[in-house]
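Understanding the architecture of this molecule
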Amino acid sequence: MKVNAAEEDFELMELFGQTVLFTNMRVDRSTVPEGLYAYDVRHDDDCTGEICEIKPSVMVNHWGTIICKEPIEMDEFWHSKFVDKDDYSYLGDSVKLDEYINTDCYEEESAEMEM
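Here is a short report on the structure shown in this document. (Residues numbered from 1 in each chain as written. Predicted model: local features only at pLDDT ≥ 70, side-chain atom pairs only at ≥ 80, totals over all residues. Heavy atoms only, no water.)

1. Topic: the pattern of salt bridges
- For the structure on display, the rule yields four salt bridges.
- Of the charged contacts in the structure, one is a salt bridge between Asp40 and Arg26, with a shortest N-O distance of 3.9 Å. Of this pair, Asp40 sits in strand S5 (residues 37-43) while Arg26 sits in strand S4 (residues 26-27), and the two are 14 residues apart along the sequence.
- Judged by its relative accessible area of 24%, Arg26 is partly exposed.
- The partner of Arg42 in a salt bridge is Glu53, and the shortest N-O contact between them spans 2.6 Å. With a gap of 11 residues between them, Arg42 in strand S5 and Glu53 in strand S6 (residues 51-55) connect regions that are remote in the sequence.
- Since its relative accessible area comes to 6%, Glu53 is described here as buried.
- Salt bridges sharing common partners tie together Arg26, Arg29 and Asp40. (Salt bridge = Lys/Arg side-chain N within 4 Å of Asp/Glu carboxyl O. Helix = DSSP H or I, 4+ residues; strand = E, 2+ residues; numbered from the N terminus. Buried < 20%, exposed > 50% of the residue type's maximum accessible area, 1.4 Å probe, protein only.)

2. As for the environment of Leu15
- Relative to the assigned elements, Leu15 resides in strand S2 (residues 9-15).
- The exposure class assigned to Leu15 is buried, which follows from its relative accessible area of 1%.
- Each residue touching Leu15, except ones within four places of it in the same chain, is listed here: Val20, Ile54, Ile66, Ile72, Val83, Asp87 and Tyr88. (Contact = heavy atoms within 4.5 Å.)

3. Concerning the environment of Val58
- With respect to the helices and strands, the residue Val58 is situated in the loop between S6 and strand S7 (62-68).
- Residues Val58 and Arg26 lie 32 residues apart in sequence; the distance between their C-alpha atoms is 9.5 Å.
- Residue contacts for Val58: discarding those within four places in its chain leaves Arg26, Asp40, Val41 and Arg42.

Below you can see the structure in the form of structure tokens.
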């Protein structure tokens, strides 16, 4: 089953220095607004729950979907991006897609850190 991006509650995550949206569901790509980028996330074969790879589409070991404002550079041969534990962190907040689109998450995080 695929979900509508506009109706999903996403968890905020930092990935490769970029604030992204994460859901453990498969997102219907036709519901992702133009100008945003959607990728599937794959977990390792040991089922530890650690993200190990990001691809345009994942069939096996699907862990979730991310949506981001900037594209993630993929390996030209594998058409994927391998991920280490230090490359990401869950931020503990959840948002809707429209909130993410209309908010600069980087500015909000910086302002909170200065307080």
